[in-house]
Amino acid sequence: MKILVLNAGSSSVKYQLFNMDDNTVIAKGGCERIGFDGSFLTHKPTGKDSVTITKSMPDHKVAIKMVMDALTDKNHGVIASMKEVNAVGHRVLHSGGDFDGSVLVGDNELKIMKKNIELGPLHMPANIMGIEACMEVMPNVPQVAVFDTAFHATMPPKAYMYAIPYSDYKKYKVRKYGFHGTSHKFVSGEAAKFLNNNNLKTVTAHLGNGASMAAVVNGKCVDTSMGLTPLEGLVMGTRSGDIDPACCEFLMNKTGMNISEMLTYLNKKSGLLGVSEFSNDFRDVLNAANQGNEKAKLAIDMFAYRVKKYIGSYAAAMGGIDCLVFTGGIAEHNSFIREQITEGLEFLGIEIDHVLCEKATGSQISEISKAGSKCKVLVIPTNEELVIARETLDLI
Ligand code: ADP
């Protein structure tokens, strides 16, 4: 069985071709600058050198045709024909609450997804374009949509409701949905396997440029930090995370920003970038902090403090915590932030082994808690593409 996983962004398409017999990646790559001058495809067959093909890609259909050509190319291809691909799994941002799991996409599902564009205007049009392009260029191959929100569908109403008039929740579907679902699902599942225990109260912290957390009880999500959109929750690379909504009116009055400029400000100009005033990249900010830059240090402190607060609140929500999982580019690679986040959490049974914490690189699952720690602390490299491939396989 071979499954192609696609992640279509507004000007990019990333792909991985999986052999599901042994869960290995046969090839991966991506098209960049779709719709712009200078578009190119990078293709990496496993175990061979990568190739870069520069060619005009006016739209996603052309890009996906190029991916197919790369996969079947005589020299750097990995399959003889696209007939070998059993299905395509697409990463889709928002289910809008209409799907509580992955779906095989037909016309009706496309219609529902289009209705939900307003819930994810930056990502949904590209996600849908990717599916439509595949339906056109490989009409007989099943297309499956795997939603970033789906893992969070098990949250109870007290967790997903906002305390606004109920009629607006009903009318407009305004509620917390949560994102990074494939990652939280993958790492909480891996943690259960690693600890050989399916009855766990787990907190998963996905700390990358986008960052979110989830409270997971016995494999089911009961709360998560992102909301109607990915803006809520943690301090992120460029997003503010939680903020008093009244700040918006105050700042708009002071600066003359309109509402959409305000949202760009909170989504693209805030977070680590906003506080440090020079970079959204955690490495840059940490280097500057280490060299004495006060704003960079404050940004890192705020980042860690917010994660710590969420750990505490999720432990309270779940009535305890058995396992804390770190994943995502920042948490997988950086021991300093893991130390800073967990410092002082011994009262929750979280005791870090500093040598193990320092050693964990994110290349494999590592336990970084002390042998006797009541709460196990793990670093687990996430693999969102593999989850999408597995969900796709399950559906077909
Ligand atoms: P996303 O998928 O959300 O774009 P990633 O999960 O790839 O993000 O994480 C990107 C972040 O990880 C960046 O802020 C980057 O600086 C950080 N990062 C990567 N490697 C390291 C490292 N060795 N130490 C600290 N941060 C790192």
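See above for the structure.
Residues numbered from 1 in each chain as written. Predicted model: local features only at pLDDT ≥ 70, side-chain atom pairs only at ≥ 80, totals over all residues. Heavy atoms only, no water.

Q: Summarise the pairing of strand β9 (residues 201-207); cite the residues concerned and give the values.
A: The buried count for β9 comes to six of seven residues, which makes it a mostly enclosed element. Judged from the seven bridges that link them, β9 and strand β10 (residues 211-217) form a sheet pairing that is antiparallel. Paired with alanine 205 across the two strands is methionine 213, which belongs to β10. Note that β9 and strand β12 (residues 323-327) share five bridges and pair parallel. If you follow threonine 202 over to β12, its bridge partner there is cysteine 323. (Buried < 20%, exposed > 50% of the residue type's maximum accessible area, 1.4 Å probe, protein only. Helix = DSSP H or I, 4+ residues; strand = E, 2+ residues; numbered from the N terminus. Pairing = 2+ DSSP bridges.)

Q: Could you give an account of the packing of aromatic side chains, naming the residues involved and the relevant values?
A: The geometry of two aromatic rings is summed up by the distance between their centres and the angle between their planes. By the definition in use, this model includes five aromatic pairs. Between phenylalanine 99 and phenylalanine 147, the ring centres sit 5.0 Å apart and the planes meet at 10°, which makes this aromatic pair stacked. Placement of the pair is phenylalanine 99 in the loop between β6 (87-92) and β7 (103-104) and phenylalanine 147 in strand β8 (residues 143-147), with a sequence separation of 48 residues. Here tyrosine 160 and tyrosine 169 contribute two aromatic rings whose centre-to-centre distance is 6.3 Å and whose plane-to-plane angle is 40°, an arrangement assigned as tilted. Across the pair, exposure class does not vary: tyrosine 160 and tyrosine 169 are buried alike. Through successive ring pairs, a cluster of aromatic residues spans Tyr160, Tyr166 and Tyr169. (Phe/Tyr/Trp six-rings, centres within 6.5 Å; stacked < 30°, edge-to-face > 60°.)

Q: Can you lay out the site of the ligand for me, pointing to particular residues and giving the numbers?
A: Gly208, Asn209, Gly210, Asp281, Phe282, Arg283, Gly328, Gly329, Ile330, His333 and Asn334 make up every residue found near the ligand. One nitrogen or oxygen atom from the main chain of asparagine 209 is found 3.2 Å from an oxygen atom belonging to the ligand. Residue glycine 210 places a main-chain N or O atom 3.1 Å away from an oxygen atom belonging to the ligand. Using a 2 Å cut-off from the grid points, one finds that the ligand occupies the second largest pocket. (Near = heavy atom within 4 Å. Polar contact = N/O pair within 3.5 Å; in protein donor to acceptor, adjacent residues only side chain to side chain. 1 Å grid on protein atoms, 1.4 Å probe; cavity = no way out; pocket = protein on both sides within 12 Å on 5 of 7 lines; lining within 4 Å. Sits in = over half its atoms within 2 Å of the grid points.)

Q: Residues and numbers for the sheet that holds β12, please.
A: Strand order across the open sheet formed by six strands is β11-β10-β9-β12-β14-β13, with mixed pairing between neighbours. A single partner strand is all that each edge strand has here, and the edge strands are β11 (220-224) and β13 (366-367). Sheet topology places β12 next to strand β14 (residues 376-379); four bridges connect them, and they run parallel. The partner of valine 325 across the bridge, within β14, is leucine 378. Where helix α6 (residues 181-195) meets the sheet, its contacts fall on β9, β10, β12, β13 and β14, and the angle it forms with β12 comes to roughly 130°. Running at roughly 15° to β10, helix α11 (residues 294-318) makes contact with β9, β10, β11 and β12 of the sheet. (Contact = heavy atoms within 4.5 Å. Axes fitted to C-alpha atoms, helices over the stretch in contact; angles between N-to-C directions.)

Q: So what about the sheet that holds strand β3 (residues 24-32)? Which residues, and what values?
A: Strand pairs in the sheet, formed through backbone hydrogen bonds, run parallel or antiparallel to each other. Spatially, eight strands are ordered β5-β4-β3-β2-β1-β6-β8-β7 in an open sheet, and the strand pairing comes out mixed. Since the sheet does not close on itself, it has two edges, and those belong to β5 (51-54) and β7, each with one partner. Both strand β2 (residues 13-19) and β3 contribute to a ladder of seven bridges, which runs antiparallel. Of the residues in β3, the one forming a bridge with lysine 14 is glycine 30. Contacting β1 (2-8), β6 and β8, helix α3 (residues 124-137) crosses the sheet at an angle of about 170° to β6.

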